[in-house]
Amino acid sequence: MTAGTTRTTGTSDDDGFTEFAVAAWPRLVRTAQLLTGDFHEAEDLVQTTLAKVYARWRRVPRGEIDLYVRRALINNNLSRVRRKRVVHLLTPVLPESLRHTSAGHAEAVEQRTALLAALADLTVRQRAVMVLRYWEDLTELEIASVLNCSIGTVKTHARRGLAALRAHPGLVTVPDPTLPAPTGARR
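Each value, and the rule that gives it
Residues numbered from 1 in each chain as written. Predicted model: local features only at pLDDT ≥ 70, side-chain atom pairs only at ≥ 80, totals over all residues. Heavy atoms only, no water. Helix = DSSP H or I, 4+ residues; strand = E, 2+ residues; numbered from the N terminus. Buried < 20%, exposed > 50% of the residue type's maximum accessible area, 1.4 Å probe, protein only. Contact = heavy atoms within 4.5 Å. Areas by Shrake-Rupley, 256 points an atom, 1.4 Å probe, with all protein chains shown as cover. Phe/Tyr/Trp six-rings, centres within 6.5 Å; stacked < 30°, edge-to-face > 60°.

A. Just the overall build of the protein, in detail. Assigned secondary structure in the protein consists of seven helices and zero strands. In the protein, which comprises 187 residues, the share counted as buried stands at 32%. Expressed as a percentage of contacts within the protein between residues at least 6 apart in sequence, the contacts between residues at least 24 apart total 64%. Of the roughly 12,800 Å² of accessible surface on the protein, 55% is carried by carbon and sulfur atoms.

Next up, the structure:
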């Protein structure tokens, strides 16, 4: 190689940010979609979060990258909601022309739509706790660290969020007549 020639390789001078972003993108978008209720808003939220993380990438401790990015994602979502820049419009049922004929697919779409509607009715913090606990499978301690609050606060949001989800009319299930009925109170 001569002095005037530059060497190009597949890696860039970003200390692994590109590789991290490419690998984490699908997971972050799924999490953000549960937080926002909309796929396009989720992509925007992840893109904004990754842009902010990139600016601080060299200062993020390598052992805490996932925690840092989750915290940034949650904080950016909280800021987005506080500013009320986006109006949520969740369609309870897909229009007939977009439905698939498969009954299994239709049921899955309706269940997902009901879940997203129920999540949308939670407070921002309750929703964040529900998503981090039951989608990201984080412990209460990890959630407290991401949300920068106490474990007691996480437990309170989880308890209230679960109660709201259980009582939500879109998620109430009808008992299956083929299953045995509960036997009643224990003595």
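B. Structural detail: the environment of Leu35. As for its position among the elements, Leu35 is in helix α1 (residues 17–36). On the basis of relative accessibility, which here comes to 3%, the residue Leu35 falls in the buried class. On a C-alpha basis, the gap between Leu35 and Leu73 in space is 9.5 Å, while along the polypeptide they are 38 residues apart. Discounting residues that sit within four places of it in the chain, Leu35 has contacts with Leu73, Ile74, Asn77, Arg80, Arg127, Ala128 and Val131.

C. Spotlight on the packing of aromatic side chains. For the coordinates displayed, the defined rule picks out three aromatic pairs. Ring geometry for Phe20 and Trp57: centres 5.5 Å apart, planes at 35°, overall tilted. In this pair, Phe20 sits in helix α1 while Trp57 sits in the loop between α2 (39–56) and α3 (65–83), placing the two residues 37 residues apart along the sequence. Grouping aromatic residues by their ring pairs yields a cluster made of Phe17, Phe20, Tyr54 and Trp57.

Functional significance is not addressed by these values, which are geometric in nature.
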